[in-house]
Amino acid sequence: MRFNEKDLRDVHRALSIEKEIPPGIAQREIDTVQGTDGEIIAQERIEKDEYIVRVNIACRCADDAWDVRAKLAGWAQLNRPGTAELIPTHWIGKCYDARLKAISAPEFVRGFGKVEMRFLLPRPIARDIAPSMASGAGGMSALIGGTYVCRPTIGQTIRNAREGLTISMDGEPFLVLTGALAAGQRVEMDTQRERLTIDGEDAMSRINYVFSRWRPGFTPGRHEIISEDDGALEMRWHNEWV
């Protein structure tokens with residue numbers, strides 16, 4: 001198992017992993033409202049979860065074991081806000097975004113002991129470490145893998161000066177912009193962070209929200225992405241797994 005770019009087993013030779021327990025399918029909090037024929041789903045949110053690691057410590061004496069436990073705790077800490085990549089031993093090429101939540105009190109017998117580490121997963125959905133990409137002039141075919149909806153970044157360099165812009169997926173518009181766009185300008189839609197920029201500057205006020213959606217359904221499978229403009233169009237994403 002790797003966390004924050006370092007393997008746990010490289011922290012000290014006395015450490016070994018007894019068991020890793022990844023999360024199950026992400027749990028959801030579902031809000032409903034009363035309808036005439038039962039409850040109607042109004043909103044759905046993914047709940048946080050944990051990644052549990054049980055670690056063995058094998059030393060000749062208790063003092064050495066406590067030193068190793070301290071090194072283990074230091075390895076798991078992040079000296080910055082946010083999360084780091086946690087790569088499961090059994091799932092090479094995939095990762096979770098995680099942060100250490102707790103390490104259990106150790107119990108040592110003649111230098112041998114065990115601790116349980118709990119990593120918080122704010123969004124308990126795994127993703128490919130390597131990004132995927134599709135591109136084309138004014139359109140492209142994107143083959144999305146994984147088992148869950150991904151959250152891509154879509155960018156286009158405008159070829160012809162125009163008023164407004166519409167980008168569609170499988171025939172349905174999901175980004176409609178208003179206002180003038182000059183040739184050479186760069187439009188970028190980050191669906192993960194729900195941000196839109198033009199030449200790197202915030203352009204959220206340019207979105208026509210009647211027709212635009214951050215989550216139009218980037219599901220596993222092949223999708224056709226088409227723009228009104230013929231300029232270079234590209235999509236970058238990480239396949240996601242539940």
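Parameters and conventions
- Residues numbered from 1 in each chain as written.
- Predicted model: local features only at pLDDT ≥ 70, side-chain atom pairs only at ≥ 80, totals over all residues.
- Heavy atoms only, no water.
- Phe/Tyr/Trp six-rings, centres within 6.5 Å; stacked < 30°, edge-to-face > 60°.
- Helix = DSSP H or I, 4+ residues; strand = E, 2+ residues; numbered from the N terminus.
- Buried < 20%, exposed > 50% of the residue type's maximum accessible area, 1.4 Å probe, protein only.
- Salt bridge = Lys/Arg side-chain N within 4 Å of Asp/Glu carboxyl O.
- Polar contact = N/O pair within 3.5 Å; in protein donor to acceptor, adjacent residues only side chain to side chain.
- Contact = heavy atoms within 4.5 Å.

**Topic: the packing of aromatic side chains**
Evaluation of the coordinates by the stated rule reveals six aromatic pairs. Arranged with centres 6.0 Å apart and planes meeting at 75 degrees, the rings of Phe3 and Trp75 form a pair that is edge-to-face. Placement of Phe3 in strand β1 (residues 2-3) and of Trp75 in helix α1 (residues 62-76) is noted, with a sequence separation of 72 residues between them. On the basis of relative accessibility, which here comes to 0%, the residue Phe3 falls in the buried class. Seen in terms of ring centroids, Phe3 and Phe119 are 5.0 Å apart; in terms of plane orientation they differ by 55 degrees. Their pairing is tilted. Here the residue Phe3 occupies a position in strand β1, and Phe119 occupies one in strand β10 (residues 112-121), the gap between them amounting to 116 residues. The exposure class of Phe119 is buried, given its relative accessible area of 0%. Among the aromatic residues, those joined into a cluster by ring pairs are Phe3, Trp75 and Phe119.

**Notes on the pattern of salt bridges**
Tallying each qualifying case throughout the model produces 20 salt bridges. A salt bridge links Arg162 to Glu228; its shortest N-O distance comes to 3.4 Å. Of this pair, Arg162 sits in strand β15 (residues 162-169) while Glu228 sits in the loop between β20 (221-227) and β21 (232-237); the two residues are 66 residues apart in sequence, bridging distant segments of the chain. Each of Glu50, Arg54, Lys101, Glu116 and Arg118 takes part in a single network of salt bridges with overlapping partners.

**Some thoughts on the side chain of His223**
By secondary structure assignment, the location of His223 is in strand β20. Within the local environment of His223, its side chain forms a polar contact with the backbone oxygen of Thr219, the two atoms lying 2.8 Å apart. Contact partners of His223, with chain neighbours within four places excluded, come to Met140, Ser141, Ala142, Ile144, Met169, Asp170, Gly217 and Phe218.

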